[in-house]
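# Notes for the structure review
The residues making up each chain are set out below.
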Amino acid sequence: MSAATYPTVTGRRQQQSKRRRAARLTTLRLVREGSFPAPSDGFDAALGRVPIRSPRDVFAYMAPFAEREVGESFWILTLDSQHRLSTPGPTVITRGILNASLVHPREVFCAAIVASAAALVLCHNHPSGDPTPSADDRLVTEQLVAAGRLLDIPVHDHVIVGAGRYVSFAEAGLL
């Protein structure tokens, strides 16, 4: 047999090297979050969309989302004219750092308009566990309420979720 039919030692090493490189690429794995059993999407087959009637309803719905966040996150719940969720879940506006999150009316109301919202409930978490509103929380809420008046999309509440507790701006008379 001729030498051309058998790979040379150098040729074998090159083939093994190529296989090793290919194997490295095929074993690349992306790190992702573990499974998260999301709460019901606000849809009850018998009743249709479930209405959000109180800050306690907002807290019960949003607590599982807030608990899994490491940093501060800001969501909106878009409501239809019957105060039912108009989207299958909360809309994340921004995810921030450990103790801050940038929120601008442009992003909030862009998402609300796309969702055809009749009203909004604002919600964010405090990873520290203390849901007491900061001065920045109050300022942002005032800006968003004013923008909502201008666009005729009322902001019904702003709920801050902490560790097993919440503060509602509507209940506290801060809206």
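Quick note: structure is the one above.
Treat the numbers as computed from the prediction; the structure is a model and nothing was measured.

## Some points on the side chain of Asp157
Turning to its location among the elements, Asp157 is positioned in strand 6 (residues 155-161). Despite its burial, Asp157 remains without a salt bridge, the nearest opposite charge being carried by Arg56 at 11 Å. Side-chain polar atoms of Asp157 contact the backbone nitrogen of Ala170, separated by 2.9 Å. Those residues in contact with Asp157 that lie beyond four places of it in its chain are Pro55, Leu120, Val121, Leu122, Ser168, Phe169, Ala170 and Leu175.

## Considering the environment of His104
Along the polypeptide, His104 turns up in the loop between strand 4 (91-95) and helix 3 (105-114). Along the sequence, His104 and Ile93 sit 11 residues apart, while their C-alpha atoms lie 9.0 Å from each other.

## Some details on the side chain of Asp80
Residue placement: Asp80 occurs in the loop between strand 3 (73-79) and strand 4. Among residues more than four places away in sequence, those in contact with Asp80 are Ser86 and Ala118.

## Overview of the nonpolar core
As a rule of thumb, nonpolar side chains are buried together in soluble globular proteins. With 18 residues, the main nonpolar core has Val58, Met62, Leu77 and Val161 as its most contacted residues. Elements supplying a minimum of two residues to this core: helix 2 (55-67), strand 3, strand 5 (119-125) and strand 6. For this core, the element with the most residues is helix 2, which contributes 7 residues. What Val161 contacts, discounting residues up to four positions off in sequence, is Phe59, Met62, Ala63, Ala66, Cys123, His124, Asn125, His126, Pro131 and Tyr166.

Each value, and the rule that gives it
- Residues numbered from 1 in each chain as written.
- Predicted model: local features only at pLDDT ≥ 70, side-chain atom pairs only at ≥ 80, totals over all residues.
- Heavy atoms only, no water.
- Helix = DSSP H or I, 4+ residues; strand = E, 2+ residues; numbered from the N terminus.
- Buried < 20%, exposed > 50% of the residue type's maximum accessible area, 1.4 Å probe, protein only.
- Lys, Arg positive; Asp, Glu negative; His and termini not counted.
- Salt bridge = Lys/Arg side-chain N within 4 Å of Asp/Glu carboxyl O.
- Polar contact = N/O pair within 3.5 Å; in protein donor to acceptor, adjacent residues only side chain to side chain.
- Contact = heavy atoms within 4.5 Å.
- Core = buried A, V, L, I, M, F, W, Y, C linked by side-chain atoms within 4.5 Å.

These values are about where atoms sit, not about what they do.
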